[in-house]
Amino acid sequence: MGCGTSIATETQGKRVETDGTVKTPSPALSKTPLISKDPSVTCVTSMKAAVLIQRWYRRYMARLEMRRRYTWNIFQSIEYAGEQDQLQLSSFFSFMLDNFTHLNGSEPDLISQLLDPVVDPWLDRETCYNLIPVPESYTGPRLSFPLSVSDTNTLLCAFKEQQTLHARYVLQLLYETKKLLKQMPNIIHLSTSYTKEITICGDLHGRLDDLLLIFYKNGLPSAETPYVFNGDFVDRGKKSVEVVTLLFAYLLLYPDNMHLNRGNHEDHIMNLRYGFTKEVMQKYKTHGREILQLFQDVFSLLPIATVIDGKILIVHGGISDQTDLDYLSTIERHKVKSALRFPRRSLEQLDIGHCSRQMKRMRSTDSSRPSSSRSHSRNQTTPNQRKRRCGLTRQDSAISTSSTSSSSSSSSSSLCSPRTPSCLTPRPCPSSPRMPYNINVLQVPFLDSLSSVPPPSPPQHEREWKQIVDILWSDPKTQEGCSLNTFRGGGCYFGPDVTQRLLLQHGLQLLVRSHECKQEGYELCHGGQVITIFSASNYYEEGSNRGAYIKVGRELVPRFYQYQVSRTTRKLTLTQRVRAAEGTALRALKEKLFTHRSELMSGFQQHDLNNTGRVSVSEWAQVLESVLRLELPWRTLRPHLARLAPDGSVEYQSCFEDMEPGIPLSQVTPNLAETLFRYRTDIEIIFNIIDKDHSGLISIEEFRHTWRLFSAHLGVDIDDGAIDDLARSIDFNKDGSIDFTEFLEAFRVVHKLDNKDQQLNGKLNGEKYS
């Protein structure tokens, strides 16, 4: 029961009681002449008025619902586009591992430690925390192990008071959690025969207030109140460390009654982008790296599924047509440190020499073909095309992905492309009478030519990896079948037939998953066989959604409980809540337009042959979708994004009028500036990794080396001289170091209205204190 619903009900009840009081009209009012004394005429007039009011109200609510829906679509589209960017960034990290020399001589850099972690044996011994002293001046919570109820209560109260747990206790807590998780199976089996009900919670994403509200409404974890938390404990929110620490503490206290599934954000590469890594390093500057390494290990050891009474399957993301629960229960889950990194497949597995000899024989046979056929074959591999195939651009990655996945497991996606050099791009061989068409072919450089190589059958570690990716990343869809999850960039979309097949195969009744924010906190699909539960309220914006959790008893009938953490939402009307969320979503969308300005302008100008600055509404919408690929109702959004000319066409330059760069740098070329705007978040992640001492400074040489690799990986054509000029221009004090905080601030999209408001507030404050 949502707090909003109960409040509304109580308010209505009071209103009924108040309206039930009969008031005698005053004599003065009774003398007011009526329009008509005929009761029938009065009744008809009242009915017409009621119909008009009802019609107006329905139209008003319909418009409000339309705004709410497109606001939701904007939020989700931008969120999933960010996940696609993260997949590309993880590809860049792999690229850096292969091309980046260590920055500090023989010492491994943090990128290597984060992406190819070799756990220090010191972290597997008790000395990893015993050697860290806790000063007497420390006023935070002190824990003793094994944990007791008083320890968890102390921790709970401390986090409510904004206190931070000392690094010594964090390391010990993680060390004990790791020991416990090593003993647990991949799939946890629970029974309701030992308890009245089991509570299932969805994504929390670092929202400590949501977790505390769940505990307040439903009770603290105990033998009488068992919980299953279904992944995504960290990232996005500001209290991820506190949330995951509390969950691990209760796991240690009640290992038989507290259960944690792994989510797609329990992944150290995802943590780089979405905040958990940065939060840990800020809160634990001295021991942050050791804490992160232990978190990596603990996350990889989390169970991947839970089954209640053999009838309810709980996984974070979903399933695919290749999901095999029996196989999942046997894999070594700790080997998949990150679902974003495809297991390496060496070229030794590809019999290049044998395939090259086959290709030579085919070429000799090919010489007898007509010249037109030979020219067609030659045209398919021009030098430019060969160079483009070997470039690491998003488009190439998408092409190679779709080609590979069409014949492999549907769990394959852009996330699931083999981590081989990008010139190993799968492409169909040209069809000919002598060579049957086969899409499962890799073009591998061998000596001075390209050789066709059939991809080897996936090794066992690749199959294990794909099974886990599907469990963590997939989403349900209404259509039958299983297809690539191109919107997120990882996992798959599974239809009701896939759900029913898996449930029947394993004797299950229900699939409970999370992974997607829902406005009411939960949603049913696939004929009620799939439930999505999401426990982070106000996920996108204040008042944007409720959180929810499920309680399941022995009858296995799920009951839903909704809530919303807010100090202000209850005071806002529905219209005010929609308006606030809509404003935030439109701001984010306008920033997206600004960072793709050159591509959008190029698209508009292709339709505007006479350089009038105008295109039709349909052309404007078509260009936006072709460039941004957000699948949004652009025609509906047009009044918020661009002006119409008197003739009904769109003045397309008005899309960018509301935004401007934070601090304009005259030395930066427009091409480089837009690239920096677009990949600002990625660059910030990379710079934070390079800045090991968290001083906010990196050397010019590190900046040049990183940016050249980044631009090469993206396929962005930027002259080295421009990068050198940029590096020198942002070395403000000429000491050979770059303050990248100021640098990134220059490449932040600023809304002009915000600047005007700040200037106005500045003037008002100046007048106030003058």
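In case you missed it, the structure is sitting above this.
Attention in this report is confined to the structure presented alongside it. (Residues numbered from 1 in each chain as written. Predicted model: local features only at pLDDT ≥ 70, side-chain atom pairs only at ≥ 80, totals over all residues. Heavy atoms only, no water.)

Bringing the overall build of the chain into the picture now. Looking only at helices and strands, the chain features 29 helices and 23 strands. Taken over 770 residues, the chain has a buried fraction of 51%. Considering only contacts within the chain whose residues lie at least 6 apart along the sequence, 74% involve residues at least 24 apart. (Helix = DSSP H or I, 4+ residues; strand = E, 2+ residues; numbered from the N terminus. Buried < 20%, exposed > 50% of the residue type's maximum accessible area, 1.4 Å probe, protein only. Contact = heavy atoms within 4.5 Å.)

A regular strand places its side chains so that they alternate between the two faces of the sheet. Relative to strand β14 (residues 530-533), strand β13 (residues 522-525) runs antiparallel, the two being bridged by 4 bridges. If you follow Glu-523 over to β14, its bridge partner there is Thr-532. Hairpin remark: β13 followed by β14, antiparallel, with 4 residues in the connecting loop; positive phi at His-526, about 55°. (Pairing = 2+ DSSP bridges.)

What follows deals with the environment of His-166. Its location among the elements puts His-166 in the loop between α6 (149-160) and α7 (167-182). Classification of His-166 as buried rests on a relative accessible area of 16%. Linking His-166 and Pro-135, residues 31 residues apart in sequence, is a C-alpha distance of 9.7 Å. In this structure, His-166 is in contact with Ile-132, Pro-133, Val-134, Pro-135, Tyr-138 and Tyr-284, ignoring residues within four places of it in sequence. Looking at His-166, its side chain comes within polar contact range of the main-chain nitrogen of Arg-168, at 3.0 Å. (Polar contact = N/O pair within 3.5 Å; in protein donor to acceptor, adjacent residues only side chain to side chain.)

Taken in spatial order, the 5 strands of this open sheet run β4-β3-β2-β15-β16, and their pairing is mixed. Each edge of the open sheet carries a strand with a single partner, namely β4 (258-260) and β16 (559-563). When strand polarity is set aside, the average angle formed by the axes of neighbouring strands in this sheet is 20°. As paired elements, strand β15 (residues 547-553) and β16 share 5 bridges and run antiparallel to each other. Residue pairing for β16: Ala-548 is matched across the bridge by Gln-562. Seen against the sheet, helix α9 (residues 240-253) touches β3 (227-229) and β4 and runs at an angle of roughly 130° to β4. (Axes fitted to C-alpha atoms, helices over the stretch in contact; angles between N-to-C directions.)

This brings us to the side chain of Asn-271. Considering the arrangement of structural elements, one finds Asn-271 in helix α10 (residues 268-274). With relative accessibility at 3%, the residue Asn-271 sits in the buried group. Within the local environment of Asn-271, its side chain forms a polar contact with the backbone oxygen of His-265, the two atoms lying 2.8 Å apart. Not counting the four nearest positions on each side in its chain, Asn-271 is found in contact with Val-234, Asp-235, His-265, Phe-276, Thr-277 and Phe-299.

This part is about the packing of helix α22 (residues 617-628) against helix α23 (residues 634-641). Close contact between α22 and α23 brings their axes to 10 Å; oriented N to C, the two are set at 100°. Taken together, α22 and α23 sit at an angle that is classed as roughly perpendicular. Of the residues in α23, those touching α22 at Val-617, Ser-618, Trp-620, Ala-621, Leu-624, Glu-625 and Leu-628 are Trp-634, Arg-635, Arg-638 and Leu-641. Taken together, the residues that form the contact of α22 with α23 break down as 7 nonpolar, 1 polar and 3 charged. (Parallel < 35°, antiparallel > 145°, perpendicular 65-115°, else oblique. Nonpolar A, V, L, I, M, F, W, Y, C, P; charged D, E, K, R; others polar.)

Right, let's get into helix α12 (residues 288-301). The end-to-end C-alpha separation of α12 is 20 Å, in line with the 20 Å expected for 14 residues at 1.5 Å each. Across the 14 residues that make up α12, a large majority, 12, are buried. (Expected span 1.5 Å × (residues − 1).)

Bringing the environment of Thr-681 into the picture now. Relative to the assigned elements, Thr-681 resides in helix α25 (residues 680-690). Since its relative accessible area comes to 35%, Thr-681 is described here as partly exposed.

Next up on the list: unusual backbone geometry. Look at the link from Phe-145 to Pro-146: it is a cis peptide, with omega at 0°. Relative to the helices and strands, Pro-146 resides in the loop between α5 (127-130) and α6. One non-glycine residue with positive phi stands out, namely Asp-309, at about 55°. Among the structural elements, Asp-309 can be located in the loop between β5 (305-308) and β6 (312-314). Positive phi, close to 55°, is recorded for Asn-611, a residue that is not glycine. Position of Asn-611 relative to the elements: it lies in the loop between α21 (597-607) and β17 (614-615).

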